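Geometric and topological summary
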Amino acid sequence: MVRFAPISIAAIALLAAPPPAYAKDIVVHMKNMGKDGAMVFEPAFVKAKVGDRIVFKPTDPSHNAETLPAMLPTGAAPMKGALNKEVAMTVSAPGLYGIKCMPHYSMGMVALVQVGQPAAADVAAAKAVKLPPLAAKRMTALLAKVR
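Residues numbered from 1 in each chain as written. Predicted model: local features only at pLDDT ≥ 70, side-chain atom pairs only at ≥ 80, totals over all residues. Heavy atoms only, no water.

1. Comments concerning the UniProt feature "binding site: Cu cation" (unreviewed entry) in the protein chain
In the numbering used here, UniProt assigns the "binding site: Cu cation" (unreviewed entry) feature to H63, C101, H104 and M109. In terms of the greatest pairwise C-alpha distance, the residues named above, spread along 47 residues, form a tight cluster of at most 9.5 Å across. With residues near it in sequence (within four places) discarded, H63 still touches M30, K31, N32, M39, A82, L83, N84, K85, C101, H104 and M109. At 2.7 Å, the side chain of H63 and the side chain of N32 are in polar contact. With respect to the element layout, M109 can be found in the loop between β7 (95-100) and β8 (110-115). Apart from the residues lying within four places of it in its own chain, the contact partners of M109 are M30, K31, M39, V40, F41, H63, I99, K100, C101, H104 and R138. (UniProt positions renumbered as here; feature names shortened; annotations may be inferred. Contact = heavy atoms within 4.5 Å. Polar contact = N/O pair within 3.5 Å; in protein donor to acceptor, adjacent residues only side chain to side chain. Helix = DSSP H or I, 4+ residues; strand = E, 2+ residues; numbered from the N terminus.)

2. Examining the pairing of β7
Counting buried positions along β7 yields six of six residues, so the element is predominantly enclosed. Pairing of strand β5 (residues 66-67) with β7, which is carried by two bridges, proceeds in the antiparallel orientation. Pairing of T67 across the sheet is with I99, part of β7. One ladder, built from six bridges, connects β7 with β8; its direction is antiparallel. Note that in β8 the partner of Y97 across the bridge is V113. (Buried < 20%, exposed > 50% of the residue type's maximum accessible area, 1.4 Å probe, protein only. Pairing = 2+ DSSP bridges.)

3. Considering the nonpolar core
Residues F41, I54, F56, M89, I99 and V113 are the most contacted members of the largest nonpolar core, which totals 23 residues. Of all elements in the fold, only β1 (25-34), β2 (37-42), β3 (45-48), β4 (53-58), β6 (87-90), β7 and β8 reach the threshold of two or more residues within this core. Non-local contacts of V113, meaning those with residues more than four positions away in its chain, are made with V46, A48, I54, M89, V91, G95, L96, Y97 and I99. Ranked by size, the runner-up nonpolar core spans 17 residues in total, among them L96, V123, A126 and M139. (Core = buried A, V, L, I, M, F, W, Y, C linked by side-chain atoms within 4.5 Å.)

This is the structure we're talking about:
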């Protein structure tokens, strides 16, 4: 007579659970000229999930990517890439991550990463952040894409 060991309910639940969602890499290029004009991130607006990695690649020289301190979710680590170097940021908290290229910030070189569904208060706070005029114009257009 063959005896089978009892399988725990937890083991059955673990086997029946859907596989975990895997984080993905999202590539953003830093360009001198793009579809939206001079000094741009492409794409400039990214929707991501917690755990995704955003990779900023300098397609053209003299760019970097760094977070805007006033536009960073609570608990998220700031990121600052070196000039002409690829830098990656793993998004760790839901909310809005404002990104700038420091050498071209005043020329409007900004990007926005939306992680999850930000609260209305987070969107309002992001809209209230003071930016240089060209950066503010582009960020306003990016914030309009938040859903």
